[in-house]
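# Residue-level structure breakdown
This is what each chain is made of:
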Amino acid sequence: MLTPDVVIVGAGPAGLTAAAELAPRCGTGRVLVLDREAAAGGIPRHSDHTGYGIRDLKRVVTGPAYARTLVDRARAAGADIRTEATVTGWSGERSLEVTTPSGRLRVDARAVVLATGARERPRAARLIPGDRPAGVYTTGQLQNLVHLHHREVGRRAVVVGAELVSWSAVLTLREAGCRTVLMTTEYDTPDAYAAFHVPGRALLKEAVATGTRITRIIGHGRLEAVEVEETATGVRRTVACDTLILTGSWIPDHELARTAGLDLDPGTKGPLVDTALRTSRPGVFAAGNLLHAVDTADIAALDGRHVARHVRLWLDGHQPHETAVPIVADEPFRWVAPGLLRVGDPAPPRDRLLLWTERLVRVPRVTVRQDGRLLNRRVIPWPAAPGRVFRVPWNLLRNVDPKGGPIRIGL
Amino acid sequence: MTEHSPPAGPGARGEVNEQANEQVNESVYDKVYDVAVIGAGVVGSAIARDLSGHDLSVVLLDARDDVGDGTSKANTAILHTGFDAKPGTLESRLVRRGYELLSAYADDTGIPVERTGALLVAWTPEEQDALPGLREKAVANGYEHCEPVTAEEVYRQVPALGPGALGGLTVPDESIICTWTTTLALATDATARGTTVLLGHRVDAVEGAEAGTEGTAAGESTAGTEAAPGGDTTTLRTSRGSVTARWVVNAAGLGADALDGLFGHRRFTVTPRRGELLVFDKLARPLADRIVLPVPSSLGKGVLISPTIYGNVMLGPTAEDLTDRTDTGTSESGFEFLRTKGTRLMPTLLEEEVTASYAGLRAAIDHGDYLIEPSPEQRYLLVGGIRSTGLTASLAIAEHVRGVLAEAGLKLEPRLDLPEPPRMPNLGEAYLRPYQDAALIAEDSAYGRIVCFCERVTEGEIRDAYRSPLPPAGLDGLRRRTRAMNGRCQGFYCGATVDALMATKGGTCQEAAK
């Protein structure tokens, strides 16, 4: 049995950053990071392109370089990072069961941080009908295949989604010698992606097909084509391709949170946390894309820095106030994170609330309501666009009563 | 019951069984077998296993590159009591007997079985009125444990059911089983007993003294009911070479009617009936701890909710008659139907993530019962029309087939030197899996190296699959032997590693990373 002060599940940006912050104070080997993969670093490891580290490292590096830096920092700080260590369940309030090649372990810690991240919904979860040929991947699988295993993909790809990660998939495909012949998105406003369109057009001859969904996968053995539908008109056409990449549509890897019986946020589907990133079980915290699937790696890392402060307070015996009010997202927002405001608590990470919108709002006039009263209203100078996190300054919640009714964020 | 009709294309699903190619040497084509069983599904494998328990040489052929790759792989995987069979039929008798035989065989071999029980739920007054009749039918089928229950009891047993249930009937012994392991265990057992397994061998033509080759009507044979020793034989022309046998058993599932035609018969037509299924995330399993059955109507058995042996929850199947025997694609209308049905039956289930969707084809025939008919003059036996209950009945069908063949003239001397039945790797969520087994990991670290995170499949299990007597032919075969890549991420994390392990044919992760 291992008895560290803190056990962190997941050696991605959030977990590693939390470890690097906590280890110097807890002592060498007192912070244990467990990861099921063969190498620590999380998703950035196989995102072999630049754009990482702006907000936390204050410089721009590639995904693999970013992952290496975070691993080195956590190790140097004295954290014990174990890979090929899969947490398979709970054996107590803050006690985990772990499988590793050197045996089954039990870890009893004083605090647990869940930083298990998120994954993209595969084809089945998106209920895409048709045949079951080879050649259908999520971005995660594609990047793993190409960047870590140097495997070949096909020659003509269709990419479903037009989010940041979708463009990342296009880059990976290009590196693998596979041309993206079409990108589709169910959203009907191409302008939502203007930021990506400019560089995107250089990569992609065809424009993004907006308001379009995949209605059938065709192919015996290998993918041969997909059928797409323009939702407004119902017109369908077949696009020949041998590779289909399903991007975006994130779901947190919340298995441990659910099997612990933690309160979940119905919107994010991650554990419900307060602004200190505490879950409903004392001493169990959560950080990163498990809470907001999906935001960038550096935002996840800053969650890790934030949660470390509150884990320390917990270890020092600080008890949170019992009274809390829910923070609720109103239409067109699908979710808001964090979802609880507790009396006496700090601002959330980066002094921001994170929201996910169902439709493009170019000039969002965000409102905060409580107990039927409009408390604040402010025009946010950036659009709320589907496919990426919409960030709202925390001070918009000034005057809310942490002992009152639910705080509603809407437009 | 595997598919006999031409496969979807060369190397359907992109799989080519190199092992099968390597292993087949010329001598398998020179030999004259006592019995050739066509179709390495659950039924054909059970028959081959049973016959090779006698002093006979047996060959098991299949058009596909793997065993259990046709109808058997997409079964609803229920071990049936047979409570709702048509009383007096061969099917009723064999399902009842098969339940006992397969339960015992599962204990011997480690095929996972969970005794979940089932609950039939009545949603309309008509359905409620039908319950007493179903109970009587169960009794007529020799099953006496069904009990009527009130609506309150229905909700006590399955609290997640949608509103409106009026009552129910319990079937305490209805169980779930692993259909993949069952077929694999039977085929492995048959191999150990000496059966020659020829995969990737599609039977295209039949020749022989008595075979109804084109232009020759069946029944013109002058042969007696007893096969002359060393006498007349049938030659099966396959896609890879000719196989000769004294007796032929047709267990070709979806292709059974076409093969029957090659023997000159026009007994029946197989209609491929497509059933689509949705498999929900393991986190949904607490919602359904037993099988929830609809009350059967004139429109068929309807949509059920069932826990799976792998710890998921399944919703389905649809029932749609097709003409294309290779169309195992899912459809928009099928999904829509399941979603609508599911929302009514168990709304909270539909809020869970879907892990997989499947479509399977069952061999529906224009005949109300199993069709097990010998043609002694041709030394040929048809085993057709084995529907969904064939998994449960498989061992009883094999036993029955043995009797029919003996009566038709096949000499059967039980062997006294039979090998022990194989111990199969456990795929069941309710039993100890390698990743949980501290002693096993201490002995061999490969069982502590989890490769597929969602299903917790270890490097050791993938290696073992490749070292087994019937190694996987491709990804689908590996999935059925280990559960690898069957989980919620469907390869997001593990797909590339599994791919690499397949390329090394079950090497280590370290080798695979090179």
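It should be emphasised that the depicted structure is a prediction, and the values quoted were computed from it without experimental measurement.

Another point: the overall build of chain B. Summing up its helical and strand segments, chain B has 15 helices and 22 strands in all. When burial is assessed residue by residue, chain B has 63% of its 514 residues classed as buried. Looking at chain B alone, contacts between residues at least 24 apart form 76% of all its contacts between residues at least 6 apart. When the accessible surface of chain B is summed, it comes to about 18700 Å², and 50% of that surface belongs to carbon and sulfur atoms.

We now examine the domain arrangement of chain B. Residues and elements named next belong to chain B. According to the domain assignment, chain B contains domain 1 (28-115 + 176-212 + 228-269 + 366-426), domain 2 (118-172 + 271-364) and domain 3 (434-504). Once you take the C-alpha centre of each, domain 2 and domain 3 turn out to be 31 Å apart. Taken together, the contact between domain 2 and domain 3 spans seven residues of the former and seven residues of the latter. The largest contributions to the domain 2 side of the interface with domain 3 come from Lys282, Tyr310 and Thr355, which together make up 66% of the buried area. Joining domain 2 to domain 3, the criterion identifies two salt bridges. Glutamate 455 serves as the salt-bridge partner of lysine 282, at 3.0 Å between the closest nitrogen and oxygen. Connecting domain 2 to domain 3 are four residue pairs in polar contact (both at pLDDT 80 or more). Considered class by class, the residues forming the side of domain 2 that touches domain 3 number four nonpolar, one polar and two charged.

Contact residues are listed per partner, giving 47 residues for chain A and 47 residues for chain B. When the buried surface of chain A facing chain B is broken down by residue, Arg119, Leu127 and Arg132 of chain A rank first, second and third, together holding 16% of it. Counting across the chain A and chain B interface gives eight salt bridges. For the salt bridge of glutamate 352 of chain B with arginine 258 of chain A, the shortest nitrogen-to-oxygen distance reads 2.9 Å. Seen at the junction of chain A and chain B, the total is 15 residue pairs in polar contact (both at pLDDT 80 or more). Breaking the side of chain A that touches chain B down by element, the ones donating at least two residues are β6 (86-92), β7 (95-100), β8 (103-108), β10 (118-120), α3 (139-148), β15 (212-218), β19 (250-252) and α6 (255-259) of chain A.

Here the structure, examined in full by the defined rule, presents seven aromatic pairs over all chains. Ring centres of tyrosine 52 of chain A and tyrosine 66 of chain A lie 5.7 Å apart, and the angle between their planes is 35°; on these two criteria the pair is classed as tilted. In this pair, tyrosine 52 of chain A is assigned in strand β3 (residues 50-52) and tyrosine 66 of chain A in helix α2 (residues 63-77), connecting sequence segments 14 residues apart. For the residue pair tyrosine 52 of chain A and tyrosine 66 of chain A, the accessibility class agrees, reading buried in each case. Residues tryptophan 180 of chain B and tyrosine 310 of chain B carry aromatic rings whose centres are separated by 4.9 Å and whose planes lie at 20° to one another, so their mutual orientation is stacked. With tryptophan 180 of chain B in helix α7 (residues 179-192) and tyrosine 310 of chain B in the loop between β15 (304-307) and β16 (313-316), the pair connects residues that are 130 residues apart, well separated along the chain. Accessibility classification places tryptophan 180 of chain B together with tyrosine 310 of chain B in one group, the buried group. Every member of this aromatic cluster is reached through a ring pair, and the members are Phe453, Phe492 and Tyr493 of chain B. Sitting over the ring of tryptophan 90 of chain A, arginine 281 of chain A keeps its end group 5.1 Å from the ring centre. Seen from the ring of tyrosine 447 of chain B, arginine 463 of chain B lies directly overhead, with NZ or CZ sitting 5.4 Å from the centre.

Moving on: the side chain of arginine 123 of chain A. Secondary-structure assignment places arginine 123 of chain A in the loop between β10 and β11 (136-138). Of the side chains with opposite charge, aspartate 131 of chain A lies nearest to the buried arginine 123 of chain A, which makes no salt bridge, at 7.0 Å. Polar contacts involving the side chain of arginine 123 of chain A include one to the main-chain carbonyl oxygen of glycine 130 of chain A, which spans 3.4 Å. Setting aside chain neighbours within four positions, we find arginine 123 of chain A in contact with Ile128, Pro129, Gly130, Asp131, Arg132, Pro133, Val136, Ile217 and Leu246 of chain A together with Thr330 of chain B.

What holds strands together in a sheet is hydrogen bonding between their backbones, with the strands either parallel or antiparallel. Residues and elements named next belong to chain B. The three strands are arranged β3-β8-β4 in an open sheet whose pairing can be described as antiparallel. With partners counted over all chains shown, the strands left at the sheet margins are β3 (78-79) and β4 (113-114), one partner each. Where β4 and strand β8 (residues 175-177) come together, two bridges link them in antiparallel fashion. In the strand pairing of β8, glutamate 114 is matched with isoleucine 176.

In this section: helix α14 (residues 495-503) of chain B. For α14 of chain B, the tally of buried residues reaches seven of nine residues, placing the bulk of the element in the interior. Turning to α14 of chain B, the residues buried within the fold contact α3 of chain A together with β21 (450-452), α12 (459-467), α13 (475-482) and α15 (509-512) of chain B. Just beyond α14 of chain B, the residue with positive phi is lysine 505 of chain B, at close to 55°.

Residues and elements named next belong to chain B. Positionally, serine 239 belongs in the loop between β11 (234-238) and β12 (241-250). According to the relative accessible area criterion, serine 239 is partly exposed, its value standing at 36%. Those residues in contact with serine 239 that lie beyond four places of it in its chain are Gly200, His201, Arg202 and Asp204. In this structure the side chain of serine 239 is engaged in a polar contact, spanning 3.4 Å, whose partner is the backbone oxygen of glycine 200.

Let us now look at the nonpolar core. Where a protein is soluble and globular, its nonpolar side chains tend to be buried together. Formed by 60 residues in total, the largest nonpolar core has its most connected members in Val6, Leu114 and Val311 of chain A. Broken down by element, this core gets its largest block of residues, eight residues, from helix α7 (residues 297-315) of chain A. Setting aside its immediate chain neighbours within four residues, valine 6 of chain A contacts Leu22, Cys26, Arg30, Val31, Leu32, Ala109, Ala111, Val113, Val311 and Leu315 of chain A. Counting residues in each nonpolar core, the second largest holds 53 residues, with Ala48, Val67, Ala185 and Trp247 of chain B among its members.

Conventions adopted
Residues numbered from 1 in each chain as written. Chains lettered and ligands numbered in written order. Predicted model: local features only at pLDDT ≥ 70, side-chain atom pairs only at ≥ 80, totals over all residues. Heavy atoms only, no water. Helix = DSSP H or I, 4+ residues; strand = E, 2+ residues; numbered from the N terminus. Buried < 20%, exposed > 50% of the residue type's maximum accessible area, 1.4 Å probe, protein only. Contact = heavy atoms within 4.5 Å. Areas by Shrake-Rupley, 256 points an atom, 1.4 Å probe, with all protein chains shown as cover. Domains from an automatic or database assignment. Buried area = accessible area lost by both parts, 1.4 Å probe. Salt bridge = Lys/Arg side-chain N within 4 Å of Asp/Glu carboxyl O. Polar contact = N/O pair within 3.5 Å; in protein donor to acceptor, adjacent residues only side chain to side chain. Nonpolar A, V, L, I, M, F, W, Y, C, P; charged D, E, K, R; others polar. Phe/Tyr/Trp six-rings, centres within 6.5 Å; stacked < 30°, edge-to-face > 60°. Lys NZ or Arg CZ within 6 Å of the ring centre and 35° of its normal. Lys, Arg positive; Asp, Glu negative; His and termini not counted. Pairing = 2+ DSSP bridges. Core = buried A, V, L, I, M, F, W, Y, C linked by side-chain atoms within 4.5 Å.

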